[in-house]
Amino acid sequence: MSRPPLNSPFLLGFDEVERALDRVARTASDGYPPYNIERIPRVESAPERLRITLAVAGFTRDQLDVSLEENQLVIRGRQTEERERHFLHRGIAARQFQRAFLLAEGMQVLGADLVNGLLSIDLARPEPARVVKKIEIAARD
(Lines give C-alpha, C1' and ligand atoms only; values in the text may rest on other atoms or scores of the structure.)
Protein backbone atom coordinates (compact mmCIF):
# COMPACT_ATOMS: atom_id res chain seq x y z
CA MET A 1 0.00 0.00 0.00
CA SER A 2 1.54 3.27 -1.04
CA ARG A 3 0.92 6.51 0.79
CA PRO A 4 1.51 9.96 -0.65
CA PRO A 5 4.19 11.98 1.15
CA LEU A 6 3.15 14.84 3.40
CA ASN A 7 4.70 17.49 1.20
CA SER A 8 1.76 19.87 0.86
CA PRO A 9 2.71 23.53 1.38
CA PHE A 10 -0.04 23.66 4.06
CA LEU A 11 1.52 20.86 6.15
CA LEU A 12 4.60 22.41 7.73
CA GLY A 13 6.71 20.55 10.28
CA PHE A 14 5.00 17.16 9.85
CA ASP A 15 8.23 15.25 9.11
CA GLU A 16 7.86 13.35 12.39
CA VAL A 17 4.30 12.30 11.48
CA GLU A 18 5.48 10.95 8.14
CA ARG A 19 8.22 8.92 9.85
CA ALA A 20 5.65 7.59 12.35
CA LEU A 21 3.31 6.50 9.53
CA ASP A 22 6.18 4.68 7.81
CA ARG A 23 7.07 2.90 11.07
CA VAL A 24 3.46 1.83 11.64
CA ALA A 25 3.13 0.55 8.06
CA ARG A 26 6.21 -1.67 8.53
CA THR A 27 4.97 -3.29 11.76
CA ALA A 28 1.28 -3.67 10.83
CA SER A 29 1.80 -6.82 8.74
CA ASP A 30 2.56 -9.20 11.65
CA GLY A 31 -0.65 -10.66 13.07
CA TYR A 32 0.74 -12.31 16.21
CA PRO A 33 -0.42 -12.03 18.88
CA PRO A 34 -3.98 -11.04 17.99
CA TYR A 35 -5.28 -7.96 19.78
CA ASN A 36 -8.32 -5.74 20.33
CA ILE A 37 -8.44 -2.00 20.91
CA GLU A 38 -11.55 -0.65 22.59
CA ARG A 39 -12.75 2.72 23.77
CA ILE A 40 -13.90 2.82 27.40
CA PRO A 41 -16.29 5.76 27.89
CA ARG A 42 -15.78 8.41 30.52
CA VAL A 43 -17.34 7.75 33.93
CA GLU A 44 -17.61 10.10 36.87
CA SER A 45 -14.28 9.20 38.43
CA ALA A 46 -12.26 8.20 35.34
CA PRO A 47 -11.51 9.86 31.99
CA GLU A 48 -12.19 8.24 28.63
CA ARG A 49 -9.68 5.44 28.11
CA LEU A 50 -8.40 3.14 25.42
CA ARG A 51 -7.77 -0.52 26.27
CA ILE A 52 -5.45 -2.72 24.26
CA THR A 53 -6.03 -6.43 24.90
CA LEU A 54 -3.60 -9.03 23.54
CA ALA A 55 -4.25 -12.79 23.48
CA VAL A 56 -1.10 -14.18 25.12
CA ALA A 57 -2.22 -17.67 26.15
CA GLY A 58 0.59 -19.70 27.67
CA PHE A 59 2.65 -16.67 28.78
CA THR A 60 3.22 -15.83 32.44
CA ARG A 61 3.79 -12.35 33.86
CA ASP A 62 7.52 -13.08 34.04
CA GLN A 63 7.62 -13.87 30.30
CA LEU A 64 5.95 -10.60 29.28
CA ASP A 65 7.43 -7.13 29.19
CA VAL A 66 5.45 -3.91 28.66
CA SER A 67 7.50 -0.75 28.21
CA LEU A 68 7.14 2.79 26.94
CA GLU A 69 9.97 3.73 24.57
CA GLU A 70 9.63 7.37 23.56
CA ASN A 71 6.12 7.47 22.04
CA GLN A 72 5.87 3.72 21.47
CA LEU A 73 4.15 1.20 23.71
CA VAL A 74 6.16 -2.00 23.20
CA ILE A 75 4.93 -5.41 24.37
CA ARG A 76 7.36 -8.33 24.24
CA GLY A 77 6.79 -11.98 25.02
CA ARG A 78 9.58 -14.49 25.48
CA GLN A 79 9.02 -18.14 26.39
CA THR A 80 11.88 -20.49 27.15
CA GLU A 81 12.06 -24.07 25.94
CA GLU A 82 11.68 -26.66 28.66
CA ARG A 83 14.31 -29.27 27.77
CA GLU A 84 12.92 -31.99 30.07
CA ARG A 85 9.55 -32.15 28.26
CA HIS A 86 9.03 -34.63 25.44
CA PHE A 87 6.12 -33.79 23.13
CA LEU A 88 4.36 -36.40 21.03
CA HIS A 89 2.61 -33.56 19.21
CA ARG A 90 3.50 -29.88 19.43
CA GLY A 91 0.62 -27.66 18.26
CA ILE A 92 1.25 -24.80 20.68
CA ALA A 93 4.50 -23.14 19.79
CA ALA A 94 6.72 -21.35 22.28
CA ARG A 95 6.85 -18.27 20.11
CA GLN A 96 8.52 -14.97 20.92
CA PHE A 97 6.84 -11.76 19.85
CA GLN A 98 7.12 -8.02 19.89
CA ARG A 99 4.11 -5.77 19.22
CA ALA A 100 4.46 -1.98 19.16
CA PHE A 101 1.80 0.72 19.21
CA LEU A 102 2.65 4.31 18.36
CA LEU A 103 1.03 6.64 20.90
CA ALA A 104 -0.05 10.22 20.35
CA GLU A 105 1.82 12.91 22.25
CA GLY A 106 0.55 13.11 25.83
CA MET A 107 -1.05 9.62 25.96
CA GLN A 108 -0.62 8.08 29.39
CA VAL A 109 -0.27 4.39 30.22
CA LEU A 110 -2.44 3.77 33.27
CA GLY A 111 -1.50 0.14 33.88
CA ALA A 112 -1.53 -3.45 32.65
CA ASP A 113 -2.96 -6.73 33.91
CA LEU A 114 -2.93 -10.37 32.84
CA VAL A 115 -6.12 -12.39 33.37
CA ASN A 116 -6.98 -15.74 31.75
CA GLY A 117 -4.39 -15.39 28.99
CA LEU A 118 -5.42 -11.84 28.07
CA LEU A 119 -2.99 -8.97 28.64
CA SER A 120 -4.89 -5.67 28.96
CA ILE A 121 -3.21 -2.27 28.92
CA ASP A 122 -5.20 0.88 29.72
CA LEU A 123 -4.30 4.23 28.23
CA ALA A 124 -5.67 7.66 29.15
CA ARG A 125 -6.68 9.81 26.27
CA PRO A 126 -5.60 13.39 26.96
CA GLU A 127 -8.13 16.19 26.74
CA PRO A 128 -6.61 18.58 24.21
CA ALA A 129 -6.54 22.17 25.39
CA ARG A 130 -7.74 24.62 22.80
CA VAL A 131 -5.12 27.30 22.37
CA VAL A 132 -5.78 30.59 20.62
CA LYS A 133 -2.94 33.06 20.56
CA LYS A 134 -3.27 36.60 19.27
CA ILE A 135 -0.35 37.67 17.08
CA GLU A 136 0.36 41.38 17.13
CA ILE A 137 1.05 42.97 13.77
CA ALA A 138 4.06 45.25 13.88
CA ALA A 139 3.80 48.62 12.16
CA ARG A 140 6.63 49.44 9.76
CA ASP A 141 6.81 52.97 8.52
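In this report, we go over the structure that sits alongside the text. Per chain, residue numbering runs from 1 following the sequence as it is written. Owing to the predicted nature of the model, reporting of local features is limited to residues with pLDDT of at least 70; listing and counting of side-chain atom pairs is limited to 80 or more, with chain, interface and lining totals taken over all residues. Hydrogens and water are ignored here; the side-chain numbers use all heavy atoms of the structure.

With respect to the nonpolar core
Using the following cut-off: Among buried residues, those of type Ala, Val, Leu, Ile, Met, Phe, Trp, Tyr and Cys that are joined through side-chain atoms within 4.5 Å constitute a nonpolar core. Under the scheme applied here, a residue whose accessible area is under 20% of the maximum for its type counts as buried, over 50% as exposed, and between as partly exposed, the area being computed with a 1.4 Å probe on protein chains only. Here a helix means four or more residues in a row that DSSP labels H or I, a strand means two or more in a row labelled E, and each is numbered from the N terminus. By definition in these notes, contact holds between two residues if any of their heavy atoms fall within 4.5 Å.
Ranked by size, the top nonpolar core spans 16 residues in total, and within it Val56, Leu64, Leu73, Ile75, Leu119, Ile121 and Leu123 carry the most contacts. At the level of secondary structure, the elements contributing two or more residues to this core comprise strand 2 (49-55), strand 4 (72-77), strand 5 (97-102) and strand 7 (118-124). If sequence neighbours within four positions are ignored, Leu123 has contacts with Glu48, Arg49, Leu50, Ile52, Leu73, Leu103, Met107, Gln108, Val109 and Leu110.

Considering the packing of aromatic side chains
To keep it simple, the criterion reads: Each aromatic pair joins two rings of Phe, Tyr and Trp (for Trp, the six-membered one) with centres within 6.5 Å, and gets the label stacked for planes under 30 degrees apart, edge-to-face for over 60, and tilted for any other angle.
For the structure shown, the criterion picks out three aromatic pairs. Measuring from centroid to centroid gives 6.0 Å for Tyr32 and Phe97, while their planes differ by 85°, and the two rings are edge-to-face. Note that Tyr32 is positioned in the loop between helix 1 (15-27) and strand 1 (35-40) and Phe97 in strand 5, a separation of 65 residues in sequence. Where Phe59 meets Phe97, the ring centres are 5.3 Å apart and the plane angle is 85°; that geometry is what we call edge-to-face. Of this pair, Phe59 sits in the loop between strand 2 and strand 3 (64-69) while Phe97 is found in strand 5, placing the two residues 38 residues apart along the sequence. Exposure class is identical for Phe59 and Phe97. Each is buried. Among the aromatic residues, ring-to-ring pairing joins Tyr32, Phe59 and Phe97 into one connected group.

Re the sheet that holds strand 1
Rule in force here: Following DSSP output, two strands are said to pair if at least two bridges run between them. Between the N-to-C directions of two axes lies an angle of 0 to 180 degrees, each axis being a line fitted to C-alpha atoms and, for a helix, fitted only over the stretch in contact.
Spatially, four strands are ordered 1-2-7-6 in an open sheet, and the strand pairing comes out antiparallel. The outermost strands of the open sheet, each flanked by one partner alone, are strand 1 and strand 6 (108-115). If you compare each strand with its neighbour and ignore which way they point, the axes differ by 20° on average.

Concerning the side chain of Ser67
In plain terms, the rule: Identification of polar contacts relies on pairs of N or O atoms within 3.5 Å, with a donor-acceptor requirement for protein atoms, meaning one able to donate a hydrogen and the other able to accept it, and with residues adjacent in sequence counted only if both atoms are side-chain atoms.
Checked against the element boundaries, Ser67 lands in strand 3. Judged by its relative accessible area of 18%, Ser67 falls in the buried class. Here Glu69 takes part through its side chain, which lies 3.3 Å from a polar atom of the side chain of Ser67. For Ser67, the residues in contact, after removing those within four places along its chain, are Gln72, Leu73, Val74 and Arg76.

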